[in-house]
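Residue-level structure breakdown
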Amino acid sequence: MEAVLGQVEQLPALLAVCRSALVRAWDPPTLERALDWGRYFQHLHDRLRARPRLRHAVGQRLRRARPAAPLAFGQLGRCAELLGLALLENRALPPAACRRLLQRLLQPPAARPGRLALLARRKAACCLLEPLRSSPPRSPGGPEPRLAAEAGLLLGRLRDEPPGEPLWLGGVLQQLPRPRAFRVVAAALLLVRQGGGPQQEEEAGAGTLLSWLLEDAERFAAFCQQLPGSLLASLAAHYSQISERYLDLLSGWGSSLLYDPLQGQWVKSCPDEAELSWEELRERFSCLCKGPVMLSRQTQAALKLLKARDGDFQVCGLSVWTDLLLEVEKDLRK
């Protein structure tokens, strides 16, 4: 028992190391050993919690190891979480060790202790875990390195899931700040089209993300409002499901604009509504028309149809679709 108490006495030091710059020297096996110690102390807690005398002895050793801010016996049962959290928040952790940490925390729930699953869901998976610190330079037209790393982690996690939308996906993405969550999803969808992984598995991951994105109209509207027009045009060029829904959404937003003769421009019918302004709408349509030929033709055809349905006017200020089509055609001539 004395040997076990001696090990318990080292726990505060291990936690301190996990929070320090000393982890810069850690490789994946060292990280594995630290996490294994966390599981060991958790197992020890489970064995001793029904034995008051031994619990008291362990508590004494923990207090002696760090008198200023002692650990309690109950924290022994959360040791895997404490170590994992300390490492997740430590920016000194090298990329290889960080990747191993991500793999451990993103294991299927059945393979993880319950408390560690909660940590992974709320902390690690919420951020899609802290991305790799030494990402390669951004490629022209590609997402920023951090975003690409997060998107790759998300796709990797989806590859390990059976068909259908996993229960954890909505919770993970909802805990991220919305613009960031939408950017991660967009980057993952574009990453699938760039290839680099097993095609069938990657397409399944894209299908899961599309289902999550398109099944909720408010979510998709927020997605289209908060992402830049150039990024949405890239997605629309690759996914017909997105291009069709996106054009429908833009049509609805355009129909809500009213012409203000005093200002000589189209304005929102209700300023407080979460809709696009005339300038934003013009920019979105212009990005679509400057995309690949098929997308450009689809967009221009949609604008011409809307113009025809609205009276097919040829002068400005009578139909938002006439004005938008004229502006888009002007942009294309530049």
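None of the values given here were measured: they were computed from a predicted structure. (Residues numbered from 1 in each chain as written. Predicted model: local features only at pLDDT ≥ 70, side-chain atom pairs only at ≥ 80, totals over all residues. Heavy atoms only, no water.)

As for the overall build of the chain
- Counting its regular elements, the chain contains 18 helices and two strands.
- In the chain, the proportion of contacts linking residues at least 24 apart, taken out of those at least 6 apart, comes to 69%.
- Roughly 17000 Å² of accessible area belongs to the chain as shown, and the carbon and sulfur atoms make up 54% of that amount. (Helix = DSSP H or I, 4+ residues; strand = E, 2+ residues; numbered from the N terminus. Contact = heavy atoms within 4.5 Å. Areas by Shrake-Rupley, 256 points an atom, 1.4 Å probe, with all protein chains shown as cover.)

Section: the packing of aromatic side chains
- On inspection of all chains with the given rule, the structure shows eight aromatic pairs.
- Seen from their ring centres, Phe220 and Phe223 are 6.2 Å apart, and the 15 degrees between their planes marks the pair as stacked. Here Phe223 and Phe220 lie together in helix H13 (residues 217-226), a separation of three residues that amounts to about one turn.
- In this structure Phe223 comes out as buried when scored by relative accessible area, which is 0%.
- Residues Tyr259 and Trp266 carry aromatic rings whose centres are separated by 5.2 Å and whose planes lie at 65 degrees to one another, so their mutual orientation is edge-to-face.
- Here Trp266 falls in the buried class, since its relative accessible area comes to 9%.
- Cluster of aromatic residues (ring-pair linked, three or more members): Phe182, Trp212, Phe220 and Phe223.
- Lying across the ring of Phe220, Arg245 places its NZ or CZ 5.2 Å from the centre. (Phe/Tyr/Trp six-rings, centres within 6.5 Å; stacked < 30°, edge-to-face > 60°. Buried < 20%, exposed > 50% of the residue type's maximum accessible area, 1.4 Å probe, protein only. Lys NZ or Arg CZ within 6 Å of the ring centre and 35° of its normal.)

So, unusual backbone geometry
- Although it is not a glycine, Asp312 sits at a positive phi angle of roughly 55 degrees.
- In this fold, Asp312 is placed in the loop between helix H17 (293-309) and helix H18 (320-333).

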